[in-house]
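The chain contents come next:
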Amino acid sequence: MRKLKKLFKISLICILFGLIIYGGIYLYAKITPKLSINSANSFYLYDNNNNLVSGVNDEWISLNEISEHLVNATIAIEDKYFYKHQGFDFLRILKALYINIKNGKNLQGASTISQQYAKNLFLDFDKTWERKIDEAWLTVRLESHYNKDEILEGYLNTINYGGIFGIENASKYYFSKSAKELTLAEASILAGIPKSPSNYSPLVNLDKAKERQYLILKAMVENNYITENEMDEAYNTELVYIGKSEKSKSSTLMYYQDAVMDELKTIKSIPSSFLKTGGLKIYTNLDMEAQMSMETNMNEYISNDNPIQMAAIMIKPENGEIIALTGGKDYSKSQFNRATSALRQVGSTMKPFLYYAALENGFTASTTFTSSKTTFAFSHDKTYSPQNFGDTYPDKPISMAAALAYSDNIYAVKTHLFLGEETLVNMAKRVGIEKELMALPSLALGSQEISLMEMIRAYSTLANEGYKITPHLINKVEDINGNVLYEFNETKENVLNKSIVYVLNEMLSNCYSSNFIDYSYPTCINIAPKVSNKYAVKTGSTDTDNLVFGYNKDILMGIWTGYDDNQLTNVTDGNNIKNVWIDTIEEYLKDKETDWYNMPNNVVGSLVNPVSGELVNDSSTKKAMLYYIKGTEPSSDNIDLDNLIPTIKEE
């Protein structure tokens, strides 16, 4: 009994001591300068012509302009004691702590609306102790300087409703009406989104959104905001979702915006708290015409009811400016950015880096390997049996130029093994691929997963004649008063030999050349009628992924298609993205002056048989111009390297 009394006294003293400390903190917060929150976490995105394309907080409305249903639904589900506490719901915190400790999992949170608003005043949601302390201090300052209605107004004007920030923007986006006009059914759907926008947006998962709506309506009944009959009527109301902004006709622009915000978080000169800037003006490299062209062509070849996804990036290779980007077909249905976040097998789009390494190590466009059905034998009785597309083999020596045009897998693996498997791993690092790759025989065929953004960085070294640049979306950032906080500083690093890159780029331009029609067809021959400019192009495909990268000195575009659940793709899927690629890049270059790369002085061209790589004369019916470093052009005797790879057996 004495122990219990003693424990009670100690607990009481701790509580009183805690209240005194909290009171002191609250009083100190009261005398600090008042926070300016109405524009604090606003940001505005501008395109490459300095036109405003999107912004947060540009639709700030007062609390009395917001539907009472939305206000009540938010309080009921997020913080029912909002008007009673001073920023922290300590009983709720203790309850959540008990449940989480008991179950060994983080099952419940206890953030109040004030705490969530404080968190929204930061660029990112780091979970460090330093950030938690900052958020707690901001919560106290909010509570000490603003009344509850003002805090709730700020919260509702800044919260994330599935990539759409602020209740007025969200109301117009989902229902094409102002927040004042929201019905109970509409309000209870919107109030459920902030908990987990990727799960509870009705445009992403209607079933989960309805489950969340039911919980909200039930909470509203329990807190005497509505009756049971009103709950049933609202839940059973069939809603029509618009899923489009009045300001933008684009369904993919938000992917670009999300990528911009992710890049913003990496810039060290930008304060992590919006309070220190009063808001941000972000000047991007976005070309709205290119973005809309990409989206239009994507919709032309892939219908909305087809669950297959697509991601694409367009970049100026000379300076790394990303002018268009989409991480999926429709942001309203999926906010996952496949352009920046997805890791997918890249297939034969890995081969140009393999062949650059080969050219650097003495190969030429005429160097031959025999392509036939082959099993590669290794130590410990391990074997590898790659196949050509369609199981088609010439059963004769073919040149590197032909191997690239047909995307021959046997030639690629032989080259890979001849050079040593670490060679391609090192080459990938050299051109900017940061993903840790394994030195495997199948790496030559792109069996390992790499992001589209990393592949764009790698291809930009080929498009930029050997210089590695930094792909970037942001050109400049200013605070709300126009003070420059950041400006992109272009740096280039010469990582590849310009002459060898020229030879490789010329070979890649044969992927749509009729000169290479022989036992097989070049991989892009089906889009040749659409080609009016010269491009270096490489396609790639696996069972689950299809990619195209193509460029000249003015523009580089990479595109991927596949299913999120790794379903098998088919030939039509690969043809679709080739058409999206050529239509978009041709539209971008229309009416623009463009040119191919200048031939270096130490490079020469020779007329050869494109398949065998052997010299021919002008009268030959089968010929193509291939390029070589001076002194390596073909003679009457070409070298077939097959006998230098003893670890293979032909079938």
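A brief report on the enclosed structure follows.

Quick notes on the rules
- Residues numbered from 1 in each chain as written.
- Predicted model: local features only at pLDDT ≥ 70, side-chain atom pairs only at ≥ 80, totals over all residues.
- Heavy atoms only, no water.
- Helix = DSSP H or I, 4+ residues; strand = E, 2+ residues; numbered from the N terminus.
- Buried < 20%, exposed > 50% of the residue type's maximum accessible area, 1.4 Å probe, protein only.
- Contact = heavy atoms within 4.5 Å.
- Areas by Shrake-Rupley, 256 points an atom, 1.4 Å probe, with all protein chains shown as cover.
- Axes fitted to C-alpha atoms, helices over the stretch in contact; angles between N-to-C directions.
- Parallel < 35°, antiparallel > 145°, perpendicular 65-115°, else oblique.
- Left-handed = near helix turned anticlockwise from the far one by under 90°.
- Nonpolar A, V, L, I, M, F, W, Y, C, P; charged D, E, K, R; others polar.
- Phe/Tyr/Trp six-rings, centres within 6.5 Å; stacked < 30°, edge-to-face > 60°.
- Lys NZ or Arg CZ within 6 Å of the ring centre and 35° of its normal.
- Salt bridge = Lys/Arg side-chain N within 4 Å of Asp/Glu carboxyl O.

**What about the overall build of the protein?**
The helix and strand inventory of the protein stands at 20 helices and 21 strands. The 651 residues of the protein split such that 56% are buried. Across the protein, contacts joining residues at least 24 apart in sequence account for 72% of those joining residues at least 6 apart. Surface exposure of the protein reaches about 29,700 Å², of which carbon and sulfur atoms provide 50%.

**A short note on the packing of helix α4 (residues 113–120) against helix α6 (residues 148–158)**
Two elements in contact, α4 and α6, have axes separated by 9 Å at closest approach and are oriented at 50 degrees. On the basis of the axis angle, α4 is oblique to α6. Once α4 is placed against α6, the crossing between them reads as left-handed. In this structure, α4 contributes Ile113, Ser114, Gln116, Tyr117 and Asn120 to the contact, and α6 contributes Lys148, Ile151, Leu152, Gly154, Tyr155 and Thr158. Taken together, the residues of the contact of α4 with α6 break down into five nonpolar, five polar and one charged.

**Here's the deal with the side chain of Thr584**
In this fold, Thr584 is placed in helix α20 (residues 571–589). Relative accessible area serves as the criterion here: at 1%, Thr584 is assigned to the buried category. If we ignore the near neighbours within four places in the chain, the residues touching Thr584 are Ser293, Met294, Asn297, Met314 and Met557.

**Observations concerning the packing of aromatic side chains**
Under the definition given, this model contains 19 aromatic pairs. Aromatic side chains Tyr173 and Tyr174 sit 5.1 Å apart centroid to centroid with 85 degrees between the ring planes, which places their arrangement in the edge-to-face category. By relative accessible area, Tyr174 is classed as buried at 1%. Ring geometry for Phe369 and Tyr411: centres 5.2 Å apart, planes at 75 degrees, overall edge-to-face. With Phe369 in strand β7 (residues 368–371) and Tyr411 in helix α16 (residues 409–419), this residue pair connects regions lying 42 residues apart in the sequence. For Phe369, a relative accessible area of 0% corresponds to the buried category. Taken together, Tyr355, Phe363, Phe369, Tyr411 and Phe418 form an aromatic cluster joined through their ring pairs. Against the face of Tyr200 rests Arg212, its NZ or CZ located 5.5 Å from the ring centre.

**Description of the environment of Phe336**
Tracing the sequence through the fold places Phe336 in the loop between β5 (321–326) and β6 (344–345). For the pair Phe336 and Ser198, spaced 138 residues apart in sequence, the C-alpha separation works out to 8.2 Å. In this structure Phe336 touches Tyr255, Gly327, Ser341 and Ala342, once residues within four positions along its chain are discounted.

**Quick word on the pattern of salt bridges**
Oppositely charged side chains can form a pair if their charged atoms are brought close together. A full pass over the atoms with the stated rule returns 19 salt bridges. Among the salt bridges present, the one from Glu143 reaches Lys148, with a minimum N-O distance of 2.8 Å. Here the two residues Glu143 and Lys148 agree in accessibility, since each one is buried. Glu478 is the salt-bridge partner of Lys476, the closest N and O atoms lying 3.4 Å from each other. One salt-bridge network, in which partners are shared between bridges, spans Lys396, Asp518 and Lys622.

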